[in-house]
Amino acid sequence: MKFKIKNSWIIVCYTVGILLCGCSNPEPAKPNLVYIFPDQFRKQAMGFWEKPGYENAIRTIGDPVETPELDRFANEAVVLTNMVSNAPICSPHRGSLLTGMFPGASGVPLNCNSNRPVSSLRKDAVCFSDVLDQQGYNTAYFGKWHLDYPKPNDPINPGNYVDPRTPAWDAYTPEEDRHGFQHWYSYGTWDVHKDPHYYNNQGQRTEPKEWSPKHEANQVIAYLKNEKGQRDPEKPFAVFVSMNPPHNPYNSLNDCEEKDYNLYKDKLTKELLVRPNADLEMDKARKAAFYFANVTGVSREFGRIIDQLKNMGEYENTVIVFTSDHGETMCSHGINDPKNNIYTEAFDVPFLIRYPGLKAHRLDDLIMGSPDIMPTLLGVMGLQDFIPTEVQGTNYTRVLKGESDKNRPKSALYIRNIDGQKDSSGKVIDYFPVARGVKTHSYTIELQIDSNQKLVGTKFFNDIDDPYQMNNLPVKSDDPVVIGLLKEMVYWLKKSDDPWYQQKILSDWIDYKTDL
Ligand code: CA
């Protein structure tokens, strides 16, 4: 009898316990995601690199920029010092972000425009946003998309491109191509920073005549406030914000906010372009003040979104990322092209991530690449079981949590593709893999081929001794360092089933039989 009473009492306690905590095995709340990636924002252009706590974090000097909001955020975030954009131009990076695949598999090997049907986000790919949609998230996309082959589907003028230029770059993305994004406020690609336009869920076009990052931050804040019932407040949210600045043009006050320009306008070119590899005689050198003004403005608009998360009590339950699709050379190495090269100014990007489950204020030299973003963020969000099987990137959640990870990579693959063959109407029907390379913590190497697949150029830098990459070393096939770097490259070419691996390109230089 006594035993029975004791047992009943245990059952009562257990039942009360269940009632108090709501269920016997409560599901942890899913975290929100806010992913902000301005375009062409180079890693060096963040003010905190020159502040205490970041000495020598990136081996070279940081740009003389004011980014107080990013600096504050960095102090609470995990900051990656070696994040790269594997194919450092717009569309290929974005394809990898959404699919977790390298550009050869994502469907997006080249920048998208109406001459390149060969480059368009695969409709059948299970994208990051598809997974979030399936997992019960409110999903939203704001800003530049630039992931589809533009079609003549202007919702205002049916049968026409939204972009009058030839080839058309800008595009309207109909609902069936939005890959699970439920709330849409976006455009294809358009570079007039104070005269942007957007298409909403229904295809209505808005032309707000406002500096685009400010306008987009306003839209994001309104979405978070849910003033118009844009989202289901019972569900977590996943918000992607692709601001166009500091992408060019950066020529005048037409491209940035005057208060930001005033921070830089009285500085000499040599005070702004402080990297010893910068060519101060280039025409572009005078534009540095406008580029940095856009950087400062983007930092402020990022900070406004952060403030909204804090005001609504969601800051501690939101995975927040600040990064970019590629960097910006800004006169380094004397080249005009801001991107699409292996130099650190273009290849490296910012990557700051904050979530209470990650150890804060920690610099990590993890060499992470574009296809790793989706699996890693799904891992951080506790959704690792839903990483699509086709994903080629790696989930580095353990690294971000400060745990040891045997999968920590030694290098990242560099990819540069150009247009391949064209059909009789001039449309590009395949791509040519003109250059491949790798970067390790110590070296950067690139091999470039001509149309006959012969070696026509190399870049090879000792990034320890020569962090500004000013001394292009000779590439010798019997150099053990070169052999080791090319082994690393074979590992990635094989993993991504790259055309170089498929066709065994430069097999007189590269031993495809001995990957790591
Ligand atoms: Ca871009």
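Residues numbered from 1 in each chain as written. Predicted model: local features only at pLDDT ≥ 70, side-chain atom pairs only at ≥ 80, totals over all residues. Heavy atoms only, no water.

K.L.:
Looking at this structure, I do not really get the overall build of the protein. What am I missing?
P.N.:
When you go through the protein residue by residue, the secondary structure sums to 14 helices and 14 strands. Rg of the C-alpha trace for the protein: 24 Å, near the compact-globule value of 24 Å for 516 residues, within the 12% margin. Dimensions along the principal axes, computed over C-alpha positions, put the protein at roughly 90 × 55 × 55 Å. With 516 residues in all, the protein has 57% of them scored as buried. Pairs at least 24 apart in sequence give 68% of the contacts found in the protein among residues at least 6 apart. Entry remark: accessible area of the protein is about 21,300 Å², with carbon and sulfur atoms responsible for 49%. (Helix = DSSP H or I, 4+ residues; strand = E, 2+ residues; numbered from the N terminus. Rg over C-alpha atoms; globule rule 2.2 N^0.38 Å. Buried < 20%, exposed > 50% of the residue type's maximum accessible area, 1.4 Å probe, protein only. Contact = heavy atoms within 4.5 Å. Areas by Shrake-Rupley, 256 points an atom, 1.4 Å probe, with all protein chains shown as cover.)

K.L.:
What exactly am I supposed to notice about the confidence of the model for the protein here?
P.N.:
Detailed reading of the predicted coordinates is not advisable wherever pLDDT falls low. Of the residues in the protein, 94% have a pLDDT of 70 or more, and the chain-wide mean is 94. Across residues 1–24 the pLDDT falls below 50, and counting only partners more than four positions away or on other chains, this stretch makes three contacts in the model. (pLDDT = per-residue confidence, 0-100.)

K.L.:
Sorry if this is basic, but what is going on with the coordination of the calcium ion here?
P.N.:
Any two of four tetrahedral donors ideally make an angle of 109.5 degrees at the metal, while pairs among six octahedral donors ideally make 90 or 180 degrees. Protein coordination at the calcium ion: the donors are D39 (OD), D39 (OD), C90 (SG), D325 (OD) and H326 (NE2), at 2.2 to 2.7 Å from the metal. In primary-sequence terms, the residues that donate to the calcium ion follow D-x50-C-x234-D-H. Placement of D39 in the loop between β1 (32–36) and α2 (68–74) and of D325 in the loop between β8 (318–323) and α10 (344–347) is noted, with a sequence separation of 286 residues between them. Residue classification places D325 among the buried residues on the basis of a relative accessible area of 0%. (Donors = N, O, S within 2.8 Å, 3.2 Å for Na, K, Ca; no water.)

K.L.:
In this structure, what is going on with the domain arrangement of the protein? I would like to understand it.
P.N.:
One widely used convention gives an interface's size as the accessible area the parts lose upon coming together. Structurally, the protein comprises domain 1 (32–400) and domain 2 (411–503). One C-alpha centre belongs to domain 1, the other to domain 2, and the line joining them spans 25 Å. In this assembly, 36 residues from domain 1 lie in contact with 34 residues from domain 2. Summing the contributions of domain 1 and of domain 2, the shared interface buries around 3,000 Å²; its carbon and sulfur component is 61%. Of all residues in domain 1, R59, I342 and I367 give up the largest surface area on contact with domain 2, accounting jointly for 23% of the area buried on that side. Between domain 1 and domain 2 we count two salt bridges in total. In this structure, D419 and R116 form a salt bridge, with 2.8 Å as the shortest nitrogen-oxygen distance. (Domains from an automatic or database assignment. Buried area = accessible area lost by both parts, 1.4 Å probe. Salt bridge = Lys/Arg side-chain N within 4 Å of Asp/Glu carboxyl O.)

K.L.:
Sorry if this is basic, but what is going on with the side chain of D255 here?
P.N.:
Relative to the assigned elements, D255 resides in the loop between β7 (237–242) and α7 (258–261). Nearest to the buried, unbridged D255 among oppositely charged side chains is K194, at 7.9 Å. Polar contacts involving the side chain of D255 include one to the main-chain amide nitrogen of N251, which spans 2.7 Å. The residues contacting D255, other than those within four sequence positions of it, are H193, W211, P249, Y250 and N294. (Lys, Arg positive; Asp, Glu negative; His and termini not counted. Polar contact = N/O pair within 3.5 Å; in protein donor to acceptor, adjacent residues only side chain to side chain.)

K.L.:
What am I meant to see in the nonpolar core here?
P.N.:
Nonpolar side chains tend to gather and get buried jointly when the protein is soluble and globular. In this structure, V239, F322 and L352 are the most contacted members of the largest nonpolar core, which totals 56 residues. Listed by contribution, the elements that provide at least two residues to this core are β1, α2, β3 (138–144), β4 (183–187), α6 (212–225), β7, α9 (288–311) and β8. Take this core: its biggest share by element is 12 residues, from α9. Here V239 is in contact with L33, V34, Y35, A140, F142, V220, Y223 and L224, once residues within four sequence places are set aside. Of all hydrophobic cores here, the second largest spans 46 residues; its members include A105, V349, I373 and V391. (Core = buried A, V, L, I, M, F, W, Y, C linked by side-chain atoms within 4.5 Å.)

K.L.:
Can you walk me through the pairing of β3 in this structure?
P.N.:
Moving residue by residue along a regular strand, the side chains alternate between the two faces of the sheet. With seven of its seven residues buried, β3 lies for the most part within the structure. Of the pairings in the sheet, the one linking β3 to β7 comprises six bridges and is parallel in character. Counterpart to Y141 in the pairing with β7 is F240. (Pairing = 2+ DSSP bridges.)

K.L.:
Would you mind showing me how to read the environment of D154 here?
P.N.:
By secondary structure assignment, the location of D154 is in the loop between β3 and β4. In this structure the C-alpha to C-alpha distance between D154 and E257, which are 103 residues apart in sequence, comes to 31 Å. In this structure, D154 is in contact with N160, Y161 and V162, ignoring residues within four places of it in sequence.

K.L.:
Is there a simple way to think about the sheet that holds strand β14 (residues 455–462) in this case?
P.N.:
For sheets, the rule is that strands pair by backbone hydrogen bonds, running either parallel or antiparallel. Here four strands make up an open sheet; going across it, the order is β11-β12-β13-β14 and the pairing antiparallel. Only two strands of the sheet have a single partner each, and these edge strands are β11 (411–419) and β14. Between one strand axis and the next, the sheet turns by 15° as a mean value, whatever way the strands run. Seen against the sheet, helix α13 (residues 480–495) touches β11, β12 (431–440), β13 (443–449) and β14 and runs at an angle of roughly 125° to β12. (Axes fitted to C-alpha atoms, helices over the stretch in contact; angles between N-to-C directions.)

K.L.:
Help me understand α6, please; the structure alone is not making it clear to me.
P.N.:
An α-helical turn contains 3.6 residues, so any two residues separated by three or four positions project in the same direction. For α6, which comprises 14 residues, the first-to-last C-alpha distance of 20 Å matches the rise-based estimate of 20 Å (1.5 Å per residue) to within 8%. Taken together, the buried positions of α6 are S212, P213, H215, E216, A217, V220, I221, Y223 and L224. Tucked into the core, α6 has its buried residues touching β3, β4, β5 (198–200), β7 and α9. Residue N226 follows α6 closely and has a positive phi angle near 60°. (Expected span 1.5 Å × (residues − 1).)

K.L.:
It is not clear to me how the packing of α6 against α9 should be interpreted in this structure. Could you clarify?
P.N.:
Helix packing for two helices is described by the angle between their axes and how far apart those axes are. Between α6 and α9, the least distance of the axes is 9 Å, while the angle of their chain directions is 5°. Taken together, the axes of α6 and α9 are roughly parallel relative to one another. Of the residues in α9, those touching α6 at P213, K214, A217, N218, V220, I221, L224 and K225 are V298, E301, R304, I305, Q308 and L309. (Parallel < 35°, antiparallel > 145°, perpendicular 65-115°, else oblique.)

K.L.:
Is there a simple way to explain the sheet that holds β7 in this structure?
P.N.:
Taken in spatial order, the 10 strands make up an open sheet running β6-β5-β4-β3-β7-β1-β8-β9-β2-β10, and their pairing is mixed. One side of each edge strand has no neighbouring strand; the edge strands of this open sheet are β6 (205–206) and β10 (362–364). Sheet topology places β1 next to β7; four bridges connect them, and they run parallel. Across the sheet, V34 pairs through a bridge with V239, a residue of β7.

K.L.:
I'm lost on α13 in this one. Help?
P.N.:
Over its 16 residues, α13 runs 23 Å from end to end, which matches the ideal 22 Å to within 8%, given 1.5 Å per residue. Tucked into the core, α13 has its buried residues touching β11, β12, β13, β14 and α14 (499–503). At the N-terminal end of α13, a side-chain oxygen is found 2.8 Å from the backbone nitrogen of V481, two or three residues along, and the residue is D479. Phi for D497, located one or two positions after α13, is positive at around 50°.

K.L.:
Whenever I open this one, the pairing of β1 confuses me. Can you help?
P.N.:
Taken across its five residues, β1 has five buried, putting it largely inside the fold. Neither face of β1 is left uncovered, since the one carrying N32, V34 and I36 and the one carrying L33 and Y35 both have all their residues buried.

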